[in-house]
Amino acid sequence: MKQRIQLEALVVVALATLVLDILRQVPALADAPKQDKQTVLGPGLYVFQTRIRSSSCGDAEADGYVLSFMAAIDGVPGSTTMTMELINTSYFKTWALTVVGGKEVHGESRVSNATDAPESHFEAKWDKDRFKGTGSRSYMGSVGGKAQRCRVNYDALLRRLDDH
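For clarity, every value in this text was computed on a predicted model and none was experimentally measured.

A.B. asks: Account for the overall build of the protein chain, with residues named and values stated.
C.D. replies: Of the regular secondary structure elements, the protein chain holds one helix and eight strands. In the protein chain, the succession of helices and strands from N to C terminus is α-β-β-β-β-β-β-β-β. Long-range pairs, those at least 24 residues apart, make up 45% of the contacts in the protein chain between residues at least 6 apart in sequence. When the accessible surface of the protein chain is split by element, carbon and sulfur atoms take 57% of a total near 11000 Å².

Right, here's the structure in full:
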């Protein structure tokens, strides 16, 4: 009987020590950085549109033509990072999206992992029911027979299609 009481006392002391350790960590947990949340971009179906503004190698014109891409945005609702998959194109299909400051989306895409691979970037701010902004894509091109990095600057629009 005496051994059982001693064992129960040891268990009580061990549990009390564990509880005290947990309570000491509570202030540290309260100070831990909270996961960023946002409310303007959620998973769903979107249209992503671009219109050329200028080009450095003269291989694209600012003629007002708008390219429209169907986009599936995947991620956890409220997260500041999502992915976007463009459905109707074979270039810049996969994008990494980041919501910045709760009202702006930054998008990054590369065609491959090569150091000189074509890449594209846009920044768009929330405006009523859509994101509007600008972006650019760069790639290796040729001007006068010389290889050089070319850049096309574009207007960007991202708008949700489905109800949320």
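A.B. asks: So, the packing of aromatic side chains: which residues are in play, and what are the values?
C.D. replies: Applying the stated criterion across every chain yields a total of six aromatic pairs. Ring geometry for F48 versus W95: centroids 5.5 Å apart, planes at 65°, classification edge-to-face. You can see F48 sitting in strand β1 (residues 44-55) and its partner W95 sitting in strand β4 (residues 94-100), a full 47 residues away along the chain. Each ring, one from F48 and one from F122, has its centre 5.0 Å from the other, and the planes form 40°; the classification is tilted. One end of the pair, F48, is in strand β1; the other, F122, is in strand β6 (residues 119-127), and 74 residues separate them in sequence. Considered together, F48 and F122 belong to a single accessibility category, that of buried residues.

A.B. asks: Quick rundown of the sheet that holds β4? Include the residues and the values.
C.D. replies: The strand order around the closed barrel built from eight strands is β1-β2-β3-β4-β5-β6-β7-β8, with neighbouring strands paired in antiparallel fashion. Between one strand axis and the next, the sheet turns through 30° on average, direction left out of account. In terms of strand pairing, strand β5 (residues 104-110) meets β6 through seven bridges, oriented antiparallel. Counterpart to H106 in the pairing with β6 is E123.

A.B. asks: Give me the side chain of Q38: which residues, what numbers.
C.D. replies: Mapped onto the secondary structure, Q38 falls in the loop between α1 (2-31) and β1. A distance of 2.9 Å separates a polar side-chain atom of Q38 from the backbone nitrogen of V40. Leaving out residues up to four positions away in the same chain, Q38 has contacts with G78, S79, T80, M82 and V99.

A.B. asks: Tell me what's going on with the pattern of salt bridges, and back it up with residues and numbers.
C.D. replies: Taken as a whole and judged by the stated rule, the model has eight salt bridges. Linking E119 and R110 is a salt bridge whose minimum nitrogen-to-oxygen distance equals 2.6 Å. Relative accessible area serves as the criterion here: at 31%, E119 is assigned to the partly exposed category. The partner of R160 in a salt bridge is D162, with the nearest N and O atoms 2.9 Å apart. Each of R51, R53 and D155 takes part in salt bridges that share partners, so that together they form one network.

Criteria and thresholds
- Residues numbered from 1 in each chain as written.
- Predicted model: local features only at pLDDT ≥ 70, side-chain atom pairs only at ≥ 80, totals over all residues.
- Heavy atoms only, no water.
- Helix = DSSP H or I, 4+ residues; strand = E, 2+ residues; numbered from the N terminus.
- Contact = heavy atoms within 4.5 Å.
- Areas by Shrake-Rupley, 256 points an atom, 1.4 Å probe, with all protein chains shown as cover.
- Phe/Tyr/Trp six-rings, centres within 6.5 Å; stacked < 30°, edge-to-face > 60°.
- Buried < 20%, exposed > 50% of the residue type's maximum accessible area, 1.4 Å probe, protein only.
- Pairing = 2+ DSSP bridges.
- Axes fitted to C-alpha atoms, helices over the stretch in contact; angles between N-to-C directions.
- Polar contact = N/O pair within 3.5 Å; in protein donor to acceptor, adjacent residues only side chain to side chain.
- Salt bridge = Lys/Arg side-chain N within 4 Å of Asp/Glu carboxyl O.

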